[in-house]
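# Coordinate analysis (summary)
Each chain, letter by letter, is given below.
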Amino acid sequence: MSRNESWEAGGARRRPRALSPLRERLRDSFWFAPVAGMALAAVFAAVCTGADAAVVTWLQDRGEYQLIRDLANWGHAGKAIISTVSTAMLTFIGVVFSISLVALQMAASQMSPRVVRLYVRSRITKATFSVFLATFVFALLAQTAYEGETDPRRISSVTVFSGLGALVLVLGSLVLFVGYVHSTLRLMRVTFVIDRVTRESFSVLAEHIVQGTTQTPAELPDPVGEIVHTGAAGVLRSVDVARLTRVARRYGTVLRLVPRIGDFIVPGTPVLTAHGGRLPKGHRLGSALNVGVERTFHQDLGFGLRQLSDIALRALSPAVNDPTTAVQALDRIHQFLAALAVRPLGEVDHRDRSGALRLVQPLPGWADLVDLGLTEIRHAGASQPQVTRRLAAALEDLLRITPEGRRGPLLHHRERLESAVARETADEADRVFALVADRQGIG
């Protein structure tokens, strides 16, 4: 069962994982994997050079001097490999990633600056960079074990395992380089970027549904106080649900998150209200709020629609003028809204191990998500028949599958679409054509 199918099927509610915020922060960083790779390379170099010395000592104890001489001769090839790797790898790293960053800048200017985060979070990118640097570090450290002694009775090490280790790392670097080039070229294709954004959006939706989304607000005790933000201003990227749940349980209260994930908060902004029990101390909760300079997918249900809308808007700008790309983004917006149409929205209720409600996290409502996905595209694409026809088809399909109580925002957008087309198109026949529902826009 795929991940998308798993949230369709529902499932038992689970408590949040304590390491989830740390994992997401590391995925959004680019330093951790390369540093870890260099550290492992240092350990690997120590093991290989130690093995080289141990083999020589073992053979000397047994008087196998001819074999030591043969290994030393073979080790000259290993030294050549290591020397070549150490001189070429760092230059190779600089050239490859310089070209890649230029390509990434071009992709960002054509689609959206927010696609850069796909590059930063890419596992193949981090793995490639990590192995490249690890190979360079390994080669440098392996050279420290070189010696000029040739007498098999006095030699202390031969470059056998070090040479094999360098060869393995080089081959791994080449394999990862091919995968990296493939991944970077896909990142420059708008269809792949749109698909990645959509899949991450469904992952966020699946996580919320498993944790327990609800349409009806929970009945909470009377508020006993509020906690304000005291850190730097920025975007509320995520919250440490496990930590907040533990603190709320310790104080016998229910915490309600005031801003939504993705909101910009400043010092003094109320971020949590406590209902019942005792008011937790602010310093116990400050580290549970992840505030940064940009939004992330981790808990942000609307961020995917924001990116898809941005890609469509950039495509509809006069400088790009690519309505086909806008239609491709609309396809995925339609897909995501269709998945939300019958799902409970409003808030996520987080409970402790005993099942008691401890944290209430607000979510965007149905009307908010519909407006986010359709409003700006409707304004920007009113003069493009391909976009208006695809938008009309999406609204027609959503009206068919959406419950009666949620059709108001969709009807509003259909009326606004008709008004916008009438305003932008003078000819009656063109207006009729522009409002025909077509899932491909114009064929």
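Right above here is the structure, for reference.
So, here is what we can say about the structure in this document. Source: prediction; values computed, not measured. (Residues numbered from 1 in each chain as written. Predicted model: local features only at pLDDT ≥ 70, side-chain atom pairs only at ≥ 80, totals over all residues. Heavy atoms only, no water.)

## Considerations on the pattern of salt bridges
Scanning the entire structure with this criterion turns up 16 salt bridges. Glu347 is the salt-bridge partner of Arg256, the closest N and O atoms lying 3.2 Å from each other. Here Arg256, found in strand S4 (residues 254–257), pairs with Glu347, found in strand S8 (residues 347–351); they are 91 residues apart in sequence, far enough to count as distant. Its relative accessible area of 26% is what places Arg256 among the partly exposed residues. Among the ionic pairs, Glu428 bridges to Arg431, the shortest N-O distance being 2.3 Å. One end of the pair is Glu428 and the other is Arg431, both in helix H15 (residues 428–434) and 3 residues apart, which spans about a single turn. By relative accessible area, Arg431 is classed as partly exposed at 21%. (Salt bridge = Lys/Arg side-chain N within 4 Å of Asp/Glu carboxyl O. Helix = DSSP H or I, 4+ residues; strand = E, 2+ residues; numbered from the N terminus. Buried < 20%, exposed > 50% of the residue type's maximum accessible area, 1.4 Å probe, protein only.)

## Things to note about the packing of aromatic side chains
This structure, assessed with the given rule, holds 9 aromatic pairs. Through successive ring pairs, a cluster of aromatic residues spans Phe30, Phe97, Phe129 and Tyr180. Over the ring of Phe433 we find Arg389; its NZ or CZ atom is 4.2 Å from the centre of that ring. (Phe/Tyr/Trp six-rings, centres within 6.5 Å; stacked < 30°, edge-to-face > 60°. Lys NZ or Arg CZ within 6 Å of the ring centre and 35° of its normal.)

## Focus on unusual backbone geometry
Positive phi values are uncommon outside glycine, yet Asn321 reaches one of about 55°. Within the element layout of this structure, Asn321 appears in the loop between helix H10 (303–316) and helix H11 (323–340). Overall, the relative accessible area of 49% leaves Asn321 in the partly exposed class.

## Things to note about helix H7 (residues 161–187)
In this model, H7 (27 residues) spans 38 Å end to end at C-alpha, consistent with the 39 Å of a helix rising 1.5 Å per residue. Listed as buried for H7 are Ser162, Gly163, Gly165, Ala166, Leu169, Ser173, Tyr180, Ser183, Thr184 and Leu187. (Expected span 1.5 Å × (residues − 1).)

## Examining the pairing of strand S9 (residues 357–362)
S9 sits mainly inside the fold: 6 of its 6 residues count as buried. Pairing of S4 with S9 involves 2 bridges; the strand directions are parallel. Counterpart to Arg256 in the pairing with S9 is Val360. Relative to S9, S8 is paired through 5 bridges, and the arrangement is antiparallel. Counterpart to Arg351 in the pairing with S9 is Leu357. Where S8 folds back on S9, the antiparallel hairpin that results is connected by 5 residues, among which Gly355 adopts a positive phi of roughly 90°. (Pairing = 2+ DSSP bridges.)

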